[in-house]
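Below, each chain spelled out in residue letters.
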Amino acid sequence: MSEEKRANNFIEDIIEEDLQQGLSEDLLRFRFPPEPNGFLHIGHASAICLNFGLGEKYNKPVNLRFDDTNPAKEEAKYVEAIQRDVEWLGYEWDQLCFASDYFQQLYDWAVQLIKNGKAYVDSQSSEEIAAQKGTPTEPGVDGPYRNRSVEENLQLFEGMKNGEYGESEHVLRAKIDMQSNNMLMRDPIMYRVVNRSHHRTGTDWKIYPMYDWTHGESDYIEQISHSFCTLEFLPHRELYDWFLDQVVEDKKVRPKQREFARRNVSHTVTSKRKLQKLVDQGVVSGWDDPRMTTISGLRRRGYTANAIKNFADSIGIAKRDNLVDMNHLEFHLRDDLNKVANRVMCVLDPIKLIITNYPDGQEEMLQAENSQEDESRGYREVPFSKELWIEREDFKESANKKYFRLTIGKEVRLKNAYIIKGTSCVKDDDGNITEIHATYDPDSKSGSGTEASMRRVKGTLHWVSAVHALPVEVRLYDRLFSVPSPDTDKEKDFMEFINPDSLSVITAMAEPAMRQIPVGETVQFQRKGYFCVDPDSTEEKMVFNRTVTLRDTWAKLDQ
RNA sequence: UGUCCCAUGGUGUAAUGGUAACACUCCGGUUUUUGGUACCGUCAUUCUAGGUUCGAGUCCUAGUGGGACAACCA
């Protein structure tokens, strides 16, 4: 592998600069910190690739940390799904961490802040607190409880912890600056009372720390050197640093938060709320519906981890708003699948082809290569007989020179078999073609080495022997949304842009060897695209999902 | 009438004061028992105006445009 060295992105520049400033490379440590309140999607995949990619680049540990401070939204099932998705992408975390493991330490630190006069218990309603907070253009004002005594604060906070108060009766706030330009610095809430069972700590805690108080301190506890997050957290950095200032000790690594722009992919949505709505309203079958750009959906669709990683790597990382074209993702998908997927023949829209000069009842086994890209994958046997299925679109009674497929009087190659010539076709009362007749050249068998077999014909068709054909269900997926950016329209809801033709289900005719393909494996249906065996498959009926079509320059010309 | 962030082909990213490049897309061609793949080629880019400099995509100022910030969410 002679990989061209990619230029450093600005995140790597930050690390390199820190190393030059004297940070020991041994101290490098990263983390991926999802909240377990939903499934990971393509946007998370980029963040995973960024953080774990840094870990690989510097050969340094990366923690998987669940930011589980809100028991109202978080569930163990998401923890499991997230771990599975990260593993499927092919990454290994160093430590599996939970912010909830740090609840006691966070509490102790909070008590220390109170003692230092840096935090206080506020006993107003959330409306009152919000009113005093001001707006982005107007400063806030101090609330009436801001100068409570340390003793009273300590007592109330302990009472909150012990469950002596109901939700919203009291909160703990950092005492910073109600006039700050940065609204996050206007005495942010550190703790609130939540009467819910937590997926890990059960009912041990009655109070739960807020994101800002938790995140930086968790980074510090784990000694994360660089904490990368999306741009929306940029205003939080000031607070992140303020909270760190309250607890850092000299000899320890002080984590550094830096922000990058979230990467958006066209023709999809990634907000958890919107994905949830698609599931709830039955637009899709679930979080792992193959049309969803969740990692589990992409996996079920037939995407490979490498395709996603290559994609993430190729689109880079920066600070400006972006909308990456889905074509980019599909390029990397085809690029990888082309290398790793075996080829098979499957007719999606079958029409009968009868080889009139092939003996009745005769059949023979032909050799078919499993991959044109990798000869070491060998060959399989495909049965051939007098009656075949071919694609309806591969025959026209007559056509112009640009049509390379079967017409009456013209020769085409049946892939891995013989050269045939169209002779006639049968139509029903409405004029629809129901059957095609052709003759074959017995000397033209693929690979036989005869002069006839070497003859050049422009078109090659895939086919399946009718008596041997295996009917399979094929789910043809297309993009879920018909516009590049469904969730940025000011007037219309994203649901209005759903593509009504994102799924069509057909029965296709497969070559018998396809019965052996295991669930989850993606193969190429020669000339049609890549297809993956869906878990819905049964002994009686296999189900294939179309992962992506092949590039089709003919389809473009045809328009 | 605030603070902060951002601005390079259609899309995404490089160029670290010294010839604006790479990938995708589009278009055209060669090869091909997949109208796939591979290979080759074409088109196309620094938001505007000043300033600093021998030299600015890069540094400074202003403007314009886009985005973020008023959850007891993360």
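Residues numbered from 1 in each chain as written. Chains lettered and ligands numbered in written order. Predicted model: local features only at pLDDT ≥ 70, side-chain atom pairs only at ≥ 80, totals over all residues. Heavy atoms only, no water.

**Some remarks on the environment of Arg-291**
- Position of Arg-291 among the secondary structure elements: in the loop between helix H9 (272-280) and helix H10 (295-301).
- Counting along the chain gives 211 residues from Arg-291 to Ser-502, while the straight-line C-alpha distance between them is 7.7 Å.
- Beyond its immediate chain neighbours, meaning those up to four positions away, Arg-291 contacts Val-283, Val-284, Ser-285, Arg-301, Tyr-477, Asp-478, Leu-480, Ser-502 and Leu-503.
- A polar side-chain atom of Arg-291 sits 2.9 Å from a polar atom in the side chain of Ser-502. (Helix = DSSP H or I, 4+ residues; strand = E, 2+ residues; numbered from the N terminus. Contact = heavy atoms within 4.5 Å. Polar contact = N/O pair within 3.5 Å; in protein donor to acceptor, adjacent residues only side chain to side chain.)

**Quick notes on the domain arrangement of chain A**
- When the domains of chain A are assigned, the result is domain 1 (103-210), domain 2 (261-343 + 470-559) and domain 3 (346-462).
- Centre-to-centre separation of domain 1 and domain 3, based on C-alpha positions: 75 Å. (Domains from an automatic or database assignment.)

**What about the protein's contact with RNA strand B?**
- Near RNA strand B you find 63 residues, and of these Arg-320, Arg-343, Ser-446, Arg-456 and Gln-524 are the closest.
- Arg-456 is positioned such that a nitrogen or oxygen atom in its side chain is 2.2 Å from a phosphate oxygen of RNA strand B.
- Separating a base oxygen of RNA strand B from a backbone N or O atom of Arg-527 is a distance of 2.8 Å.
- When residues of the surface near RNA strand B are traced back to their parent elements, those giving at least two are strand S6 (189-193), helix H12 (326-340) and helix H14 (553-558).
- Within the surface near RNA strand B, the residues separate by chemical class into 20 nonpolar, 22 polar and 21 charged. (Near = heavy atom within 4 Å. Nonpolar A, V, L, I, M, F, W, Y, C, P; charged D, E, K, R; others polar.)

**A short note on the pairing of strand S4 (residues 119-122)**
- Burial of the side chains of S4 extends over both faces: Ala-119 and Val-121 are buried on one face and Tyr-120 and Asp-122 on the other.
- Looking at chain direction, S4 and strand S5 (residues 171-174) are connected through four bridges and run antiparallel. Looking across to S5, one finds that Asp-122 is bridged to Val-171. (Buried < 20%, exposed > 50% of the residue type's maximum accessible area, 1.4 Å probe, protein only. Pairing = 2+ DSSP bridges.)

**A few points about H9**
- Within the sequence span of H9, burial applies to Lys-274, Leu-275, Leu-278 and Val-279. Axial view of H9: buried residues confined to an arc of 145°, hence all on one face. Among the exposed residues of H9, those oriented more than 90 degrees off its buried face are Arg-273 and Asp-280.
- Just past H9, the residue Gly-282 takes up positive phi, approximately 75°. (Arc of directions from axis to C-beta.)

**Things to note about the nonpolar core**
- One finds Ile-48 and Val-86 to be the most contacted residues of the largest nonpolar core, which totals 46 residues.
- Within the residue set of this core, elements represented by two or more residues are helix H1 (10-20), strand S1 (30-32), helix H2 (42-58), strand S2 (62-66), helix H3 (76-88), H10, helix H11 (305-315) and H12.
- If you tally residues by element for this core, the top one is H2, at nine residues.
- Setting aside residues up to four positions removed in sequence, Ile-48 forms contacts with Phe-32, Leu-40, Gly-53, Val-86, Leu-89, Tyr-91 and Ile-295.
- In terms of nonpolar packing, the next biggest core, distinct from the first, is built from 33 residues, Phe-103, Val-111, Leu-156 and Trp-205 among them. (Core = buried A, V, L, I, M, F, W, Y, C linked by side-chain atoms within 4.5 Å.)

**Some details on the sheet that holds S1**
- With parallel pairing, the three strands of this open sheet are ordered in space as S1-S2-S3. In this open sheet, the two edge strands, each paired with only one partner strand, are S1 and strand S3 (96-98). Along the sheet, successive strands turn relative to each other by an average axial angle of 35°, direction set aside. (Axes fitted to C-alpha atoms, helices over the stretch in contact; angles between N-to-C directions.)

**Some words on the pattern of salt bridges**
- A full pass over the atoms with the stated rule returns 40 salt bridges.
- Of the charged contacts in the structure, one is a salt bridge between Arg-300 and Asp-534, with a shortest N-O distance of 2.7 Å. Of this pair, Arg-300 sits in helix H10 while Asp-534 sits in the loop between strand S24 (529-533) and strand S25 (543-549), and the two are 234 residues apart along the sequence.
- On the basis of relative accessible area, Asp-534 is assigned to the buried category, the value being 0%. (Salt bridge = Lys/Arg side-chain N within 4 Å of Asp/Glu carboxyl O.)

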